[in-house]
Amino acid sequence: MRYHRLGEVPAKRHVQFRRDGRLLVEEVMGYEGFSGNESILYHLVSPCRVAEVLEFTPIAREEWVPDAHVHRLTQTGPLEPEGDPVHGRRLLMWNGDVEISVCKPAQGSDVFFRDGEGDEVLFVKEGSGVLETVFGTLPFRRHDYVVIPRGTTHRFRLDDGPQTWLCFQTPGEIETPNRYRNRYGQLNEGAPFSQRDFHAPEELVTHDGPGEHVLEVRVRDGYQRFLLDYHPLDVVGWDGYVYPYTFNIHDFEPITGRVHQPPPVHQTFQGPGFVICSFCPRELDYDPMAVPLPYHHSNLQSEEMIYYVAGEFGSRKGVALESITLHPSGLPHGPQPGLVERALGARRTEELAVMCDTFRPLRLSTLARDLDDRAYALSWREGAPASETVVTG
Ligand SMILES: [Fe+2]
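What you are looking at is a predicted structure, and each value in this text was computed from that prediction instead of being measured. (Residues numbered from 1 in each chain as written. Predicted model: local features only at pLDDT ≥ 70, side-chain atom pairs only at ≥ 80, totals over all residues. Heavy atoms only, no water.)

Visitor: How would you sum up the pattern of salt bridges? Please name residues and give values.
Guide: Opposite charge on two side chains lets them pair, provided their charged atoms get close. Counting across every chain of the model gives 22 salt bridges. A salt bridge links Arg363 to Glu63, with the nearest nitrogen and oxygen atoms 2.7 Å apart. Here the residue Arg363 occupies a position in strand β32 (residues 363-365), and Glu63 occupies one in strand β7 (residues 63-64), the gap between them amounting to 300 residues. The class for Glu63 is partly exposed, based on a relative accessible area of 33%. Note that Lys125 and Glu322 form a salt bridge whose closest N and O atoms lie 3.6 Å from each other. (Salt bridge = Lys/Arg side-chain N within 4 Å of Asp/Glu carboxyl O. Helix = DSSP H or I, 4+ residues; strand = E, 2+ residues; numbered from the N terminus. Buried < 20%, exposed > 50% of the residue type's maximum accessible area, 1.4 Å probe, protein only.)

Following this line, the structure appears as structure tokens:
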């Protein structure tokens with residue numbers, strides 16, 4: 001991310017900085033042990049201060065080990081709203097690099113939260129609200145990616161109406177792809193987005209005075225709760241390169257070609273061991289002989305999950321919105337029978353989907369088992385019935 005600054009900061013680092021005579025508490029929040037990206041925040045109260053240490057709750061993951069290795073279709077549409085923006089997340093698949101969940105929060109946060117062991121990306125399939133953070137207030141809307149760096153104390157305020165999010169959590173660092181950044185870090189001219197498309201908090205609200213608030217920190221594979229006797233969003237100013245931001249998927253400028261472009265042209269973010277890609281409405285391959293759908297491909301080293309957001313996905317039939325396909329490593333996949341013939345000559349697609357490719361196998365949860373559509377594995381047979389659901393968007 002680019003340099004950003006909000007509120008008041010002193011002219012130099014690491015010098016006395018006061019507000020109304022009160023010496024402020026400088027906090028350096030950064031990656032890679034003082035050599036990676038960092039921000040410097042100025043607090044009214046020491047961020048170490050806690051009034052009471054509350055309970056620690058380990059994260060419980062219920063794993064499903066399937067009895068067959070096949071392509072899978074997971075229907076998340078029928079899931080009902082549940083919980084808040086953190087504990088309402090329902091884990092579907094994970095490995096050591098990334099956890100992938102869906103969340104349909106029924107209400108906003110009633111405590112403050114900080115992920116102390118991972119970066120988070122939320123894709124807002126539907127819904128909107130604001131993320132109140134130590135870096136300021138970040139509004140989010142439908143089809144935004146909301147990127148929250150580890151260490152960001154925050155709280156969600158949700159607008160009325162349904163909220164449906166696809167959530168990624170990684171112990172690594174979420175970044176834009178290396179190949180789209182020049183040696184200074186600026187996004188280059190070949191990138192499918194520019195700095196203008198990434199939105200940082202624009203309003204900093206500083207809370208002062210006593211109060212009673214619960215702060216929950218995800219750390220050591222669990223949730224540690226603390227009671228605070230002050231409001232944790234007490235930052236007077238900050239600057240740096242680390243902060244939460246939004247990127248709307250419709251600001252992704254698709255890269256198209258005379259013949260079919262490979263999946264990496266859709267890449268939006270990278271993390272260690274995985275990528276996140278955006279499939280957006282776009283003109284299709286324009287050579288008269290082009291086959292405007294993906295060729296069959298063998299994911300020899302990766303697992304590929306796609307979350308269907310809107311439109312009809314050209315290379316899949318019988319896939320409802322909010323469904324997830326998982327094409328695991330070791331098996332080839334491609335368009336189902338008849339779809340290539342049907343697509344020939346097509347000039348445009350309205351598909352909207354988010355893909356995550358991981359380079360290590362994904363484990364599945366018992367929820368993925370409960371939502372599993374077993375007909376999908378056989379859907380490449382000529383004449384096979386589509387899954388019972390249809391695209392409605
Ligand atoms: Fe694929």
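Read on for the rest.
Visitor: Give me the lowdown on the nonpolar core, citing residues and values where you can.
Guide: Membership of the largest hydrophobic core comes to 65 residues, with the highest contact counts inside it found for Met93, Tyr145, Leu166, Phe168, Phe269 and Val354. Apart from residues no more than four positions distant in its own chain, Met93 is found in contact with Val98, Glu99, Ile100, Met305, Ile324, Leu326, Leu362, Arg363 and Leu364. (Core = buried A, V, L, I, M, F, W, Y, C linked by side-chain atoms within 4.5 Å. Contact = heavy atoms within 4.5 Å.)

Visitor: Account for the sheet that holds strand β12 (residues 119-126), naming residues and giving values.
Guide: Taken in spatial order, the nine strands make up an open sheet running β7-β32-β9-β10-β17-β12-β15-β22-β18, and their pairing is antiparallel. Sheet topology places β7 and β18 (198-199) at the edges, where each strand pairs with a single neighbour. Inspection of the sheet shows strand β15 (residues 144-148) paired to strand β22 (residues 245-248) by four bridges, in the antiparallel sense. The residue bridging Tyr145 from the neighbouring strand is Phe247, located in β22. (Pairing = 2+ DSSP bridges.)

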